[in-house]
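Descriptive analysis of the structure
In case you want the letters, here they are:
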Amino acid sequence: MSTASASPTSPTSSSPVALVTGASRGIGLWLVTHLAAQGYKVFATVRKQADVAAAEKLGQNVTALVVELADAASVETLASKLKGQPIDLLINNAGVNGNDRSAGNLSWGEFQRVFTTNTFAPAMLAQALLPNLRLGKARKIVNVTSELGSITNATTGFSYAYNSSKSALNMITARLAKDLASEGFTVLSICPGWNKTDMGGDQAPLDPKESTKTLLATTHRLGPADSGKYIRIDGTPIPY
Ligand SMILES: NC(=O)c1ccc[n+]([C@@H]2O[C@H](COP(=O)([O-])OP(=O)(O)OC[C@H]3O[C@@H](n4cnc5c(N)ncnc54)[C@H](OP(=O)(O)O)[C@@H]3O)[C@@H](O)[C@H]2O)c1
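Read on for an overview of the structure.

**Here we look at the site of the ligand**
- In the vicinity of the ligand lie 30 residues, with Ser24, Arg25, Arg47, Tyr162 and Thr197 positioned nearest.
- Glu68 has a polar side-chain atom sitting 2.7 Å from a nitrogen atom of the ligand.
- Lys166 places a polar side-chain atom, nitrogen or oxygen, 3.0 Å from an oxygen atom of the ligand.
- Burial of the ligand by the surrounding chains reaches 95%, relative to a free accessible area of 900 Å².

**Brief notes about the nonpolar core**
- Core analysis: the biggest nonpolar cluster contains 28 residues, and Val32, Leu35, Val42 and Ile91 have the highest contact counts within it.
- Per-element tally for this core: the top contributor is helix H1 (residues 26–37), with 5 residues.
- Ignoring any residue separated from it by four or fewer positions in sequence, one finds Ile91 in contact with Leu19, Val20, Thr21, Leu31, Leu35, Val142, Val144 and Leu216.
- In this structure, Leu90, Ala121, Leu130 and Leu133 belong to the second largest nonpolar core, which totals 26 residues.

**Describing the packing of helix H4 (residues 108–128) against helix H6 (residues 160–179)**
- Relative to each other, H4 and H6 sit at 15°, their axes nearing to 9 Å. Of the possible angle classes, the one that applies to H4 and H6 is roughly parallel. Here H4 and H6 pass one another in a crossing that is right-handed. Here Glu110, Phe111, Val114, Phe115, Asn118, Thr119, Pro122, Ala123 and Ala126 of H4 lie close against H6, whose contacting residues are Tyr160, Ala161, Tyr162, Ser164, Ser165, Lys166, Ala168, Leu169, Ile172 and Leu176.
- Of the residues that constitute the contact of H4 with H6, the class distribution is 13 nonpolar, 4 polar and 2 charged.

**A word on the sheet that holds strand E2 (residues 41–46)**
- Ordered in space as E3-E2-E1-E4-E5-E6-E7, the 7 strands form an open sheet in which the pairing is parallel. Either end of the sheet is taken by a strand with one partner, and the two such strands are strand E3 (62–66) and strand E7 (230–232). Put simply, the sheet's adjacent strands are angled 20° from each other on average, direction ignored.
- Relative to strand E5 (residues 140–144), strand E4 (residues 89–92) is paired through 4 bridges, and the arrangement is parallel. Bridging from a neighbouring strand, Asn92 pairs with Asn143 of E5.
- Against the sheet, H6 engages E5, strand E6 (186–191) and E7, with an angle of about 160° to E6.
- Along the sheet face, helix H7 (residues 208–221) touches E4, E5, E6 and E7 and points at about 145° away from the line of E5.

**Quick notes on the pattern of salt bridges**
- Under the definition given, this model contains 9 salt bridges.
- Ionic pairing is found between Arg47 and Glu68, a salt bridge with its closest N-O pair at 3.3 Å. With Arg47 in the loop between E2 and helix H2 (52–56) and Glu68 in the loop between E3 and helix H3 (72–81), the pair connects residues that are 21 residues apart, well separated along the chain.
- The salt bridge partner of Asp179 is Arg175, with a shortest N-O separation of 2.9 Å. Taken together, the residues span about one helical turn, with Asp179 and Arg175 both in helix H6 at a distance of 4 residues.
- Judged by relative accessible area, which is 47%, Arg175 ranks as partly exposed.

**Describing unusual backbone geometry**
- Positioned with a positive phi, Arg139 is a non-glycine residue whose angle comes to about 55°.
- With respect to the helices and strands, Arg139 occurs in the loop between helix H5 (130–135) and E5.

What counts as what
- Residues numbered from 1 in each chain as written.
- Predicted model: local features only at pLDDT ≥ 70, side-chain atom pairs only at ≥ 80, totals over all residues.
- Heavy atoms only, no water.
- Near = heavy atom within 4 Å.
- Polar contact = N/O pair within 3.5 Å; in protein donor to acceptor, adjacent residues only side chain to side chain.
- Areas by Shrake-Rupley, 256 points an atom, 1.4 Å probe, with all protein chains shown as cover.
- Core = buried A, V, L, I, M, F, W, Y, C linked by side-chain atoms within 4.5 Å.
- Buried < 20%, exposed > 50% of the residue type's maximum accessible area, 1.4 Å probe, protein only.
- Helix = DSSP H or I, 4+ residues; strand = E, 2+ residues; numbered from the N terminus.
- Contact = heavy atoms within 4.5 Å.
- Axes fitted to C-alpha atoms, helices over the stretch in contact; angles between N-to-C directions.
- Parallel < 35°, antiparallel > 145°, perpendicular 65-115°, else oblique.
- Left-handed = near helix turned anticlockwise from the far one by under 90°.
- Nonpolar A, V, L, I, M, F, W, Y, C, P; charged D, E, K, R; others polar.
- Pairing = 2+ DSSP bridges.
- Salt bridge = Lys/Arg side-chain N within 4 Å of Asp/Glu carboxyl O.

This is the structure in structure tokens:
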């Protein structure tokens, strides 16, 4: 599989299939765009019906599916719509930041909100789509994490809920990698780097159009022997 997305490749019936969450904007939008240009059939999830048409314009074989990842029933509905559909690559990209940046500002509600989207949803979606991934050839799951989830490199000033939700997401990666190793799965936690998106802000050094190309090149390059790794977009390791 080529990792370059400069010349679009037409999808065929044997095209690989990817599902990317959070395709309405930011990193997810570019992941879908590049995968479609690489010849993938892409299922792109968005939250709002109003975002469906724009998502389907990202590439010639993009199907947008509406799902609210913070809602268990919505995740189950998505899985039932995809019953019997092989999926080669699941990218759990959708995520939210938190506002609880210092002790004294923590709240039950903020932990619940951030963990639901950043940790619970990727785990439950991976579980719900396991039958689809088992029907696929590549059997890859990428959890889009953050260096801010590194316990070794813990720092101050960022959201407690966000940082810890990504640490916990990394444990989901580690557990899935162990549990699915005998079936040839590759499960990765990849930090996309600090990108100019609504979440990353204007000061970020990376352009998501470019950084997502590197993220995908690394995703395509790595295989079962790399499963369980917590890495940057170029594949270099981040300490857990
Ligand atoms: N940007 C960075 O510098 C950076 C750095 C490290 C890690 N990351 C990670 O990279 C991923 C993408 O970040 P981004 O910068 O592209 O963020 P973003 O611009 O804020 O976009 C977030 C995406 O997630 C979707 N989403 C959020 N909550 C959802 C939910 N409950 N159900 C379904 N979809 C939901 C949003 O949909 P709506 O449009 O409907 O809200 C949107 O498509 C996240 O996991 C983030 O933690 C980003």
